[in-house]
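Secondary and tertiary structure notes
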There are 2 protein chains.
Amino acid sequence: MNIGDVSRRSGLPAKTIRYYEEIGLICPARSPNGYRSFRESDLHMLAFLGRARALGFTIGDCRALLALYDNDSRESAQVKQIAEDHLARIDTKIAQLQSMRATLAHLVSCCAGDDRPDCPILDDLGAGKGAAESGQEAAAGGN
Amino acid sequence: MNIGDVSRRSGLPAKTIRYYEEIGLICPARSPNGYRSFRESDLHMLAFLGRARALGFTIGDCRALLALYDNDSRESAQVKQIAEDHLARIDTKIAQLQSMRATLAHLVSCCAGDDRPDCPILDDLGAGKGAAESGQEAAAGGN
DNA sequence: CCTTGACCCTCCAGTGACTGGAGGCCCTAT
DNA sequence: ATAGGGCCTCCAGTCACTGGAGGGTCAAGG
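Residues numbered from 1 in each chain as written. Chains lettered and ligands numbered in written order. Predicted model: local features only at pLDDT ≥ 70, side-chain atom pairs only at ≥ 80, totals over all residues.

Chain A carries the name Cu(I)-responsive transcriptional regulator in an unreviewed UniProt entry, which gives Antarcticimicrobium luteum as its organism. Under the heading Subcellular location (unreviewed entry), UniProt records this for chain A: "Cytoplasm". (UniProt positions renumbered as here; feature names shortened; annotations may be inferred.)

Turning our attention to the overall build of chain A. Looking only at helices and strands, chain A has six helices and two strands in total. Ordering the α and β elements of chain A from the N terminus gives α-α-β-β-α-α-α-α. Per-residue burial for chain A yields a buried fraction of 28% across its 143 residues. Contacts in chain A between residues at least 24 apart in sequence constitute 39% of all its contacts with a sequence separation of at least 6. (Helix = DSSP H or I, 4+ residues; strand = E, 2+ residues; numbered from the N terminus. Buried ≥ 20, exposed ≤ 12 C-beta atoms within 10 Å, placed from the backbone. Contact = placed C-beta atoms within 7 Å.)

Okay, the environment of B:G126 next. Mapped onto the fold, B:G126 is located in helix α6 (residues 120-127). Assessed through the 22 C-beta atoms surrounding it within 10 Å, B:G126 is described here as buried. Not counting residues within four places of it along the chain, the set of residues in contact with B:G126 comprises A:F48 and A:Y69.

So, on to the relation of the copies chain A and chain B. Mapping chain A onto chain B calls for a rotation angle of 180° and an axial translation of 0.0 Å; the resulting RMSD is 0.1 Å. Within this description, the copies of the chain are treated as partners about a two-fold rotation axis. Among all C-alpha atoms of chain A, that of A:I94 lies closest to the rotation axis, at 3.1 Å. When the interface residues of chain A are mapped onto chain B, 96% of them again fall at the interface, so both copies present the same face. (Least-squares fit on C-alpha atoms with pLDDT ≥ 70 in both.)

In this section: the protein's contact with DNA strand C. As a matter of local geometry, DNA strand C sits amid 18 residues, with A:N33, A:T58, B:N2, B:G4 and B:R36 nearest to it. Put simply, the parts of the chain that give the surface near DNA strand C at least two residues each are α2 (14-22) and α4 (59-69) of chain A together with α1 (3-10) and α2 (14-22) of chain B. Residue composition of the surface near DNA strand C, by class: six nonpolar, seven polar and five charged. (Near = placed C-beta within 6 Å. Nonpolar A, V, L, I, M, F, W, Y, C, P; charged D, E, K, R; others polar.)

The next point concerns the interface of chain A and chain B. If you look at the interface, chain A gives 50 residues, while chain B gives 50 residues. Of all the elements in the fold, those that place two or more residues in the side of chain A that touches chain B are α3 (40-54), α4, α5 (76-110) and α6 (120-127) of chain A. Considering every element that reaches the side of chain A that touches chain B, the biggest residue donor is α5(A), with 21 residues. Class assignment of the residues belonging to the side of chain A that touches chain B gives a composition of 26 nonpolar, ten polar and 14 charged.

All right, on to the protein's contact with DNA strand D then. Lining the immediate environment of DNA strand D, one finds 17 residues, of which A:N2, A:G4, A:R36, B:N33 and B:T58 sit closest. Secondary structure elements with two or more residues in the surface near DNA strand D: α1 (3-10) and α2 of chain A together with α2 and α4 (59-69) of chain B. Considering every element that reaches the surface near DNA strand D, the biggest residue donor is α2(B), with three residues. Among the residues forming the surface near DNA strand D, the class breakdown is six nonpolar, seven polar and four charged.

The subject of this paragraph is the UniProt feature "domain: HTH merR-type" (unreviewed entry) in chain A. UniProt annotation of "domain: HTH merR-type" (unreviewed entry) refers to residues 1-68 of chain A when read in the numbering used here. Between the first and last C-alpha atoms of residues 1-68 of chain A the distance is 26 Å; the span itself is 62% helix and 6% strand.

Right, let's talk about the domain arrangement of chain A for a bit. As far as domains go, chain A holds domain 1 (3-57) and domain 2 (76-127). Summarising the inter-unit geometry, the C-alpha centres of domain 1 of chain A and domain 2 of chain A are found 35 Å apart. (Domains from an automatic or database assignment.)

Now for the packing of α4(A) against α5(A). All names here are of chain A. Orientation of α4 relative to α5, taken along the N-to-C sense of each, is 160°, at an axis distance of 10 Å. When the axis of α4 is compared with that of α5, the two are roughly antiparallel. For α4 against α5, the interelement crossing comes out left-handed. Every residue of α5 that contacts α4 at D61, A64, L65 and L68 is listed here: Q78, V79, I82 and H86. Within the contact of α4 with α5, the residues separate by chemical class into five nonpolar, two polar and one charged. (Axes fitted to C-alpha atoms, helices over the stretch in contact; angles between N-to-C directions. Parallel < 35°, antiparallel > 145°, perpendicular 65-115°, else oblique. Left-handed = near helix turned anticlockwise from the far one by under 90°.)

Next comes the structure, spelled out in structure tokens:
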């Protein structure tokens, strides 16, 4: 299989596949003409990588997961640890985004969005205080 | 004010402040010795930037927001548009992360996490089918 | 006057995970 | 012989910083 075939079959761009080779995640054979020559096992690894990346695992995680995948004497606890750490990272990120979202949604709802220059969004950014709210802080408080 | 003072008062690292100058977000004066010499207005801009970045606005957004902030004949609709676009980006990202989170949490809950090698997480990544259910997937495919 | 140490400067390189493009070889079909 | 599509490598750019090397500036203390 040439790179175009594995690209189609794995759903990964050819550029990404070359990059994965460059960083040592995969190691496809070469044809006499210099073209990469992929085996089914390479395709399988790339599909694995594509799914792991789609779940947000870092390349480092992927490297560790592939090694475990390939290791018959692994302990599932090792895999679970990586996944749980990643889950925690995701939760942290979601929390950050939801905090931003709450503040931003509040500001947006306070902005008339018309042809006049008065804007609680800019007021807030410029002052660092709840510009649209009076007294109680809904945005900056307990985050 | 030297950069250390604005750094302390704005909460932004000195490196970041220099970077903001480099990309043209701010333009502090210089002392005869070559040191940056910040006015109160520079500090105000940096505080604005710090808050906008904390809400996740890109540098491009910040540039636009600063320009609007500085423009008395702006229309608040322009500001609101930027904020709403950003809100939509945040929502997209949250949705993606929650989708990953759901899949990952399910896989983690299915994994014993003990000293045995059997692992539904790796099974799923390797096969691309649900891990908790017995997959009928054949790896063969056409060659 | 000299040293110490905190502060400041510029320039370069690296991060993560690709992505785009230039310039050029290989292969098949016409 | 040529046209096209696919493949190759190498370099640069993305985003928003961050780290570090190597060196200048300034006030206080000896």
